[in-house]
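Next come the chains, spelled out residue by residue.
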Amino acid sequence: MKIGLFIPCYVDALYPQVGIATYKLLKHLGLDVTYPLNQTCCGQPMGNAGFEKMGVSLAEKFEEMFSGFDYVVAPSVSCTAFVKVNYPRLLEGKHKCETAEKAIDVVAFLHDVLKLKELPGEFAHKVSLHNSCHGVRELGLSSPSEMHVEKFNKIKDLLELKKGVTVVEPERCDECCGFGGMFSVEETAVSAQMGEDKVRRHIDTGAEYVTGPDCSCLMHMDGVAKKRGLSIKFIHVVEILAAGL
């Protein structure tokens with residue numbers, strides 16, 4: 001099984017430790033992992049801003065770069081969702097789209113493909129689980145509350161494999177944190193209030209950390225918490241899963 005590691009722009013620029021943790025964990029599990037050095041943005045910012053056509057060339061490059069892999073694994077639900085959901089339409093009639101089927105978030109890969117049953121090391125902390133919108137409603141990492149289906153959470157399943165960790169969820173556990181890419185720029189006040197409401201609910205669980213599968217949500221909430229003087233830490237789920245390696 002050949003794995004192409006896709007590290008999104010903001011992970012590479014702002015949270016490189018998340019990319020490193022993903023690589024270390026996949027290698028520890030004995031996988032053949034390659035990180036293509038010439039990778040670029042997947043085109044999500046253009047799509048979010050209403051300029052999808054500007055992202056077509058990036059989608060084409062993404063296709064070429066990851067064409068030789070069985071899976072394209074990324075520690076980002078929003079970027080993974082953009083590839084899976086939007087690439088077939090963006091590349092229709094221009095380029096054969098293969099990466100939409102190959103792209104997979106690292107949580108789904110560990111849970112659904114590898115069917116992980118144990119993890120090394122420990123993380124002796126209480127963590128509050130943040131379910132990012134793209135992960136819930138486009139990638140199926142957890143059950144959306146509005147669908148009234150049997151509850152499941154793949155992120156929680158993996159976290160509970162880690163020795164010492166205590167996992168809790170806030171009230172309104174799959175409500176948006178208010179980031180939403182361009183939404184946080186165009187509707188700043190609403191975005192900030194949504195973020196504060198979400199952070200306070202996480203704090204109410206008594207957790208030391210907030211964790212989730214997307215750095216953009218964690219970044220937004222971390223910024224809100226610091227501006228409001230709220231004391232809680234933020235960590236990507238893969239950093240917990242790889243702790244101790």
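Structure's up top.
Every value quoted in this text rests on a predicted model; they were computed, and no experiment measured them.

Student: In this structure, what is going on with helix H4 (residues 56–65)? I would like to understand it.
Tutor: Helical periodicity: at 3.6 residues per turn, an α-helix aligns residues three or four positions apart in one direction. Taken as a whole, H4 has its buried residues at Val56, Leu58, Ala59, Phe62, Glu63 and Met65. Against the buried residues of H4 lie helix H3 (44–48), strand E3 (71–74), helix H5 (77–90) and helix H6 (99–102).

Student: Is there a simple way to explain the pairing of E3 in this structure?
Tutor: Looking along a regular strand, one sees side chains alternate from face to face of the sheet. In the sheet, strand E1 (residues 2–5) pairs with E3 via three bridges, with the strands oriented parallel. From the neighbouring strand, isoleucine 3 faces E3, where its bridge partner is tyrosine 71. Across three bridges, E3 lies against strand E4 (residues 103–105) in parallel orientation. The residue bridging valine 73 from the neighbouring strand is isoleucine 104, located in E4.

Student: What should I look at first to understand the layout of surface pockets in this one?
Tutor: Gaps left between atoms are located by rolling a probe of water-molecule size over the structure's atoms. Approximately 420 Å³ is the volume found for the largest pocket. The wall of the largest pocket is formed by 24 residues, among which Gln44, Ser78, Phe179, Gly181 and Ser216 lie closest to the centre. When contributions to the lining of the largest pocket are tallied by element, the ones reaching two or more residues are helix H1 (9–14), H3, H5, helix H8 (133–137) and helix H12 (215–228). Residues that form the lining of the largest pocket fall into these classes: 16 nonpolar, seven polar and one charged. Volume-wise, the second largest pocket comes out at about 190 Å³. Lining the second largest pocket, in full, are Ser184, Thr188, Ser191, Ala192, Met219, His220, Gly223, Val224, Lys227 and Arg228. Broken down by secondary-structure element, the contributors of at least two residues to the lining of the second largest pocket are helix H11 (188–204) and H12.

Student: Explain the side chain of arginine 201 to me, please; I cannot follow it from the model alone.
Tutor: By secondary structure assignment, the location of arginine 201 is in helix H11. At 2.9 Å, the side chain of arginine 201 forms a polar contact with the side chain of glutamate 175. Residues contacting arginine 201, with those up to four places away along its chain left out, are Pro170, Glu171, Arg172 and Glu175.

Student: Whenever I open this one, the nonpolar core confuses me. Can you help?
Tutor: Generally speaking, nonpolar side chains in soluble globular proteins are found buried as a group. If you look at the biggest cluster of nonpolar residues, it comprises 59 residues, and the most contacted ones within it are Leu26, Tyr87, Leu110 and Leu159. It is H5 that contributes the most residues to this core, seven residues altogether. Not counting chain neighbours up to four residues away, the residues in contact with leucine 26 comprise Ile3, Leu5, Leu31, Val33, Val73, Phe109 and Leu110. Formed by 12 residues, the second largest nonpolar core is a distinct cluster that contains Phe179, Val210, Leu218 and Ile232.

Calculation criteria
- Residues numbered from 1 in each chain as written.
- Predicted model: local features only at pLDDT ≥ 70, side-chain atom pairs only at ≥ 80, totals over all residues.
- Heavy atoms only, no water.
- Buried < 20%, exposed > 50% of the residue type's maximum accessible area, 1.4 Å probe, protein only.
- Helix = DSSP H or I, 4+ residues; strand = E, 2+ residues; numbered from the N terminus.
- Contact = heavy atoms within 4.5 Å.
- Pairing = 2+ DSSP bridges.
- 1 Å grid on protein atoms, 1.4 Å probe; cavity = no way out; pocket = protein on both sides within 12 Å on 5 of 7 lines; lining within 4 Å.
- Points joined across faces, edges and corners; volume = space filled by probe spheres on them.
- Nonpolar A, V, L, I, M, F, W, Y, C, P; charged D, E, K, R; others polar.
- Polar contact = N/O pair within 3.5 Å; in protein donor to acceptor, adjacent residues only side chain to side chain.
- Core = buried A, V, L, I, M, F, W, Y, C linked by side-chain atoms within 4.5 Å.

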